[in-house]
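# Overview (structure and organization)
This is what each chain is made of:
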Amino acid sequence: MSRLLRTWRALSATALLATGLLTGCASGGVPADLDPVSSPEWATDMARFAAEDAETPPPERPIVFTGSSSVRMWERLAADFPDVPVLNRGFGGSQVRDAIWYADEVALRYRPRQIVLYAGDNDIAEGRSAAQVLADTQAFVTRIRAAQPGTPIALLGIKPSPSRANLLDVQRDANNALRDWAATQRNIAYIDVFTPMLDAEGVPREDLFIADRLHMNAAGYAMWRKIIGPYLVR
């Protein structure tokens, strides 16, 4: 395919997607009582994903990682899981409800063999409760199930970070609620990344984070790779 044709396809995909998403609403299936997207900026991310897909076709039936910046910044995702097709569709700053609004754009369009979701961190930082995180996560699963029944979904626990140490109790409550609910569901796994990221005193480990004390460094992602790997669908 010529560079000119690839560029035309990318721009066309961007324009078409932007037309439908500038209002912050993805295609059908979104719960009527779902809160609006947390930011209109996500439309730009969705257009970027469409342009990337037009430029370089994604793997067939990938394991889609989506959610907030802890996914978006996982630059070595494909290298960390070389034995399975993975696709990074994280958009930084997003909340659980954003993954619902944009489920088509970040997951369903790829007919994923599995979805790995990391969300809830920003929700709690913005004042949402553990119960709201659980309810929105349940709505995300319902959204996926309505379109593609049986798709395995792995829910990553909310990580404990030094910059948000004041929120540990709420994060723990949300994680416990997610774990307990996932245990009652078919093809839903809860992955505990919270506990291993605490030191012996129950404090977030500084050595796993970059200077902002919120986002992970290479050591943090290496830990995630070891924890998440056994849960991925081969």
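This write-up is about the structure you can find in this document.

Reading the values: rules and limits
Residues numbered from 1 in each chain as written. Predicted model: local features only at pLDDT ≥ 70, side-chain atom pairs only at ≥ 80, totals over all residues. Heavy atoms only, no water. 1 Å grid on protein atoms, 1.4 Å probe; cavity = no way out; pocket = protein on both sides within 12 Å on 5 of 7 lines; lining within 4 Å. Points joined across faces, edges and corners; volume = space filled by probe spheres on them. Helix = DSSP H or I, 4+ residues; strand = E, 2+ residues; numbered from the N terminus. Buried < 20%, exposed > 50% of the residue type's maximum accessible area, 1.4 Å probe, protein only. Arc of directions from axis to C-beta. Contact = heavy atoms within 4.5 Å. Polar contact = N/O pair within 3.5 Å; in protein donor to acceptor, adjacent residues only side chain to side chain. Pairing = 2+ DSSP bridges. Axes fitted to C-alpha atoms, helices over the stretch in contact; angles between N-to-C directions.

Turning our eyes to something else, we now look at the layout of surface pockets. Put simply, the largest pocket is a space of about 170 Å³. Looking at the largest pocket, the residues that line it are Met73, Trp74, Glu75, Arg76, Asp80, Met216, Asn217, Ala218, Tyr221, Ala222 and Arg225. No other element matches the four residues that helix 10 (residues 218-228) contributes to the lining of the largest pocket.

Bringing helix 10 into the picture now. Within helix 10, burial applies to Gly220, Tyr221, Met223, Trp224, Ile227 and Ile228. For helix 10, the buried positions fall inside an angular range of 155 degrees around the axis, keeping them on one side. Summarising the geometry of helix 10, the exposed residues directed more than 90 degrees from the buried face are Ala218 and Lys226. Elements in contact with the buried residues of helix 10: strand 1 (63-67), helix 3 (69-72), strand 3 (114-118), strand 4 (153-156) and strand 5 (188-191). Residue asparagine 217 occupies the N-cap position of helix 10, its side-chain oxygen lying 3.0 Å from the main-chain nitrogen of alanine 219.

Glancing now at empty space enclosed by the protein. As enumerated under the stated definition, the model contains one cavity of 30 Å³ or more in all. Size it by volume and the largest cavity reaches roughly 40 Å³. Together, Leu117, Tyr118, Ala119, Thr137, Leu155, Leu156 and Leu178 line the largest cavity. Breaking the lining of the largest cavity down by element, the ones donating at least two residues are strand 3 and strand 4.

Taken together, five strands build an open sheet; the order of strands is 2-1-3-4-5 and the sheet is parallel. Two strands bound the open sheet, and with one partner strand each, they are strand 2 (86-90) and strand 5. Taken pair by pair, the neighbouring strands of this sheet meet at an average axis angle of 20 degrees, ignoring direction. Sheet analysis places strand 3 next to strand 4, joined by three bridges and oriented parallel. Its bridge partner lying in strand 4, valine 116 is registered against alanine 154.

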